[in-house]
Protein chains: 2
Amino acid sequence: MGLDSFFRPQSVAVIGASRNPRKPGHVIFRNFVENGYRGKVFAVNKNADQILGKRCYASVAAVKEPVELAVIAIAAAGVPQALEACGKAGVKAAIVVSGGFREVGNNGLEDKVVGVARKHGIRLVGPNCLGIFDAHSKVDTLFNPRYKLERPVEGGISFISQSGAVMSVVLDWMSMKGYRGGKFISYGNAADVNEADLLRYLADDQHTKVVCMYIEGVADGRRFFTVAKEAARKKPVVVLKGGITAAGSRAVSSHTGSLAGAAEVYKAAFRQAGVIEAEDIEQLFDFARVLTTQPQPKGRRVQIITDGGGFGILTADWLARLGMEPAVMSKAGLARIRMVSPAHVVTGSVIDLTGDADVERYSAAIDAALDDAGVDILVIIALFQLPALTSDIVEVVAEANRLRKKPIIFIAAGGRFTEVLKKSLENEGVPTFSYPERAAEAAKALYRYRHGG
Amino acid sequence: MGLDSFFRPQSVAVIGASRNPRKPGHVIFRNFVENGYRGKVFAVNKNADQILGKRCYASVAAVKEPVELAVIAIAAAGVPQALEACGKAGVKAAIVVSGGFREVGNNGLEDKVVGVARKHGIRLVGPNCLGIFDAHSKVDTLFNPRYKLERPVEGGISFISQSGAVMSVVLDWMSMKGYRGGKFISYGNAADVNEADLLRYLADDQHTKVVCMYIEGVADGRRFFTVAKEAARKKPVVVLKGGITAAGSRAVSSHTGSLAGAAEVYKAAFRQAGVIEAEDIEQLFDFARVLTTQPQPKGRRVQIITDGGGFGILTADWLARLGMEPAVMSKAGLARIRMVSPAHVVTGSVIDLTGDADVERYSAAIDAALDDAGVDILVIIALFQLPALTSDIVEVVAEANRLRKKPIIFIAAGGRFTEVLKKSLENEGVPTFSYPERAAEAAKALYRYRHGG
């Protein structure tokens, strides 16, 4: 059955659904009722008649309709019995968000839960996890209040996280930035479903264009890297490894009890498997955004178009440091830009449209660079603080991006006005960056994915 | 006279003040009238009677009151004559924002302007620049509309920028983030006042706690590094150098016409002068924020306190990669934390208060770490997505920061709720970061400023 029952179940029972808005069981039930999930939802709690105006059942058995997925949010001690009831009711998959198992030394209780699941053929995510957020199906077992943790709009970036905290931060941050998301899984103790199972599933998931992972250690290295190699053949897999130093590794062992392993061993294995390694959390999603939205570049020659000379220089510096090359446009191409530009515009490998650049000048420069055989990748810098540049630049860049002729990477930094316009561009599938360094790293990752090196 | 007339003039004349809201002369005049500048302001424009309800003068001569600073925002050709009138009226300093001089090959016109200024003993910033924003005195010659470029609240970080675009981005971004600012200068063609003059002035400026610089090249290297060495003895000087690669350097030469020079030469000279070099724009201000607000650490031992294990691990990794050391707290200190914590809290070199951490637990951990002889620097990670953590954590961290016992660096990442709380902390003088990498780099910069290495 794969793991479909976790991500697109026909029906869900929330076991431990509560009327108390501060309880996880309340928040989770509300997620399914109010946020666009299209299947049936059942509240299970023997101490309540109604929750959010919906009937509450004393047990899964009382539902009398098929339940595909159970989300279990009750005290640890009661989980085996609840899961037993799920098994009898024909439940296919269960997400146990409750903590109080192996992570606090209750290995016996966790083994018991696994035993019950195996007996009934139930697949298990957790225990001790945030569970799943699926932006497409709206399966959402996060018990963080929505004002503290917003959810991103649907897109192609999926994320497997060994840390619930890292996943919750990422979801909230992606929402604010307008980054699009697919399936997000915090798998906690991995008593049954682990990172390798999830990676294999996402490799074949049509909604997922790029798989991101945060891992501290893996239970079965051989299997993980076999799966990773297969997955990386199908779509980009980008990994951030926590615990790469001695200090970090000690923290891993007290965090999840897994062995972090030597950084070099992981690094070599990632490379061999064709997995892209990211240096930090932002970079994980920087790489994912360019790989999800942009076509593959023919080469490494980057044309920079800017209205701020300093930003152009810093971007040229970073691209050069990372081994990318400046593009050399044809005379005919540069002439197209000069035709609509005043004399002080600089048309070199950094095209500096200067501080009085308007949308027309940008439009000419972008069109010329897209058509020019000397350009593989465009980095467009548009500083919105400058008086002459109107917000129409968003439409011009979005339109160029829709053509999918060459990869486009966009840089703009500043305050609230800038962030609003960048969010519009993200919504149109244009990857946006604040500063040259991260944009240059993303351009390089895009180039390397196709060409290696 | 130094450069005081630029930063706290008793009176200002805006030459080229305009009724048209899209003209630089209008925006600049409005800045002085509406945003808290306390001196006298005069509009000069022979084609208008009133601007913003204030009398408009046909010339500086017509003002008949002392004018200390003139801001000149008229077409290049008229600047020498306008400056001549300023000289006769006893003006001490002039900021020429107008472009159309050396940067477009009009060297003769620029020389003429300098000649007039010298004759009358007028100091000159510009031409071809954004000029000055002083958060304390409210001198503000930026002609970017305020909805596109917000201004930061007053603080101790000053910034000298060879690029107007970089400066405008930085001001806008600092405003959004709640970073505090002092004096900001875009000096354009540096026909008279240059980066060395400005650095020397800021070194003695009481409002300025840290000097940040963005430079592409310097006119007189020997003088600059002599001044830099003196300045760095008085307060931290942090520099970002643009044009460090061949590609970036070519872009510099078409941007400001200055020679970028070999990266290694600059790097060595910065080190010798005691100037801190930043890798990118964000880092420039990351370093400035910790150096402005935090006491100097006794050593390099960092205690991490977190509610998210993954974030703790990534932070430990980055600190270790950068040569910092994990703190080892005393048994008594750790016992103080365990006294108010459940059994699953981990009290190692990463204190993981875990996902159900509340403010009381944080409070105990922070107090214990501040008192512990084994701790030199605190990195506090508080992920606001977690349900049990209320916004009171802001007050607890701000209070600990007020004690100034040890440096505190704060990490929280996420969406809008998180950003609002981080802005409150910035306002209280706590340097905040989104992700481990930049926080660790800032901790290292703080350590190195005192101890070297």
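Residues numbered from 1 in each chain as written. Chains lettered and ligands numbered in written order. Predicted model: local features only at pLDDT ≥ 70, side-chain atom pairs only at ≥ 80, totals over all residues. Heavy atoms only, no water.

1. Structural notes on the packing of aromatic side chains
For the structure shown, the criterion picks out 33 aromatic pairs over all chains. Centre to centre, the rings of B:Phe7 and B:Tyr201 are 5.0 Å apart; their planes meet at 15 degrees, and the pair counts as stacked. Linking B:Phe7 in helix α1 (residues 4-7) with B:Tyr201 in helix α6 (residues 195-203), this pair joins segments that are 194 residues apart in sequence. On the basis of relative accessibility, which here comes to 1%, the residue B:Phe7 falls in the buried class. Considering the side-chain rings of B:Phe225 and B:Tyr266, the 6.2 Å spacing of their centres and the 55 degrees angle between planes classify their relative orientation as tilted. Here B:Phe225 is found in helix α7 (residues 221-234), whereas its partner B:Tyr266 is found in helix α9 (residues 263-273), with 41 residues between them in sequence. On the accessibility criterion, B:Phe225 (17% relative accessible area) is buried. Three or more aromatic residues link up through ring pairs in this structure, and these residues are A:Phe311, A:Tyr435, B:Phe133, B:Phe159, B:Trp173, B:Tyr179, B:Phe184 and B:Phe285. When the ring centre of B:Tyr266 is taken as origin, the NZ or CZ atom of B:Lys241, which lies over that ring, is 4.4 Å away. (Phe/Tyr/Trp six-rings, centres within 6.5 Å; stacked < 30°, edge-to-face > 60°. Helix = DSSP H or I, 4+ residues; strand = E, 2+ residues; numbered from the N terminus. Buried < 20%, exposed > 50% of the residue type's maximum accessible area, 1.4 Å probe, protein only. Lys NZ or Arg CZ within 6 Å of the ring centre and 35° of its normal.)

2. Focus: the domain arrangement of chain A
All names here are of chain A. You can read the domains of chain A as domain 1 (1-129), domain 2 (149-293) and domain 3 (296-451). Each of domain 1 and domain 2 has a C-alpha centre, and these two points are 25 Å apart. Taken together, the 19 residues of domain 1 in the interface contact 14 residues of domain 2. Contact with domain 2 buries surface across domain 1, with Leu-3, Phe-7 and Arg-123 losing the most and accounting together for 38% of the total. Here domain 1 is connected to domain 2 by three salt bridges. Here Asp-192 and Arg-123 are joined by a salt bridge, their closest N and O atoms 2.9 Å apart. Residue assignment for the side of domain 1 that touches domain 2 shows that the elements contributing at least two residues are α1 (4-7), α4 (107-120) and β7 (123-125). Taken together, the residues that form the side of domain 1 that touches domain 2 break down as ten nonpolar, three polar and six charged. (Domains from an automatic or database assignment. Contact = heavy atoms within 4.5 Å. Buried area = accessible area lost by both parts, 1.4 Å probe. Salt bridge = Lys/Arg side-chain N within 4 Å of Asp/Glu carboxyl O. Nonpolar A, V, L, I, M, F, W, Y, C, P; charged D, E, K, R; others polar.)

3. Notes on the sheet that holds strand β10 (residues 183-186) of chain A
Strand-to-strand pairing in sheets goes through backbone hydrogen bonds, with the strands running parallel or antiparallel. Residues and elements named next belong to chain A. The mixed open sheet is built from six strands, whose spatial order is β8-β10-β9-β11-β12-β13. Edge positions in the sheet fall to β8 (131-134) and β13 (276-277), since each has one partner strand and no second. Pairing analysis gives three bridges linking strand β9 (residues 157-161) to β10, with the strands arranged parallel. Across the sheet, Ile-160 pairs through a bridge with Ile-185, a residue of β10. (Pairing = 2+ DSSP bridges.)

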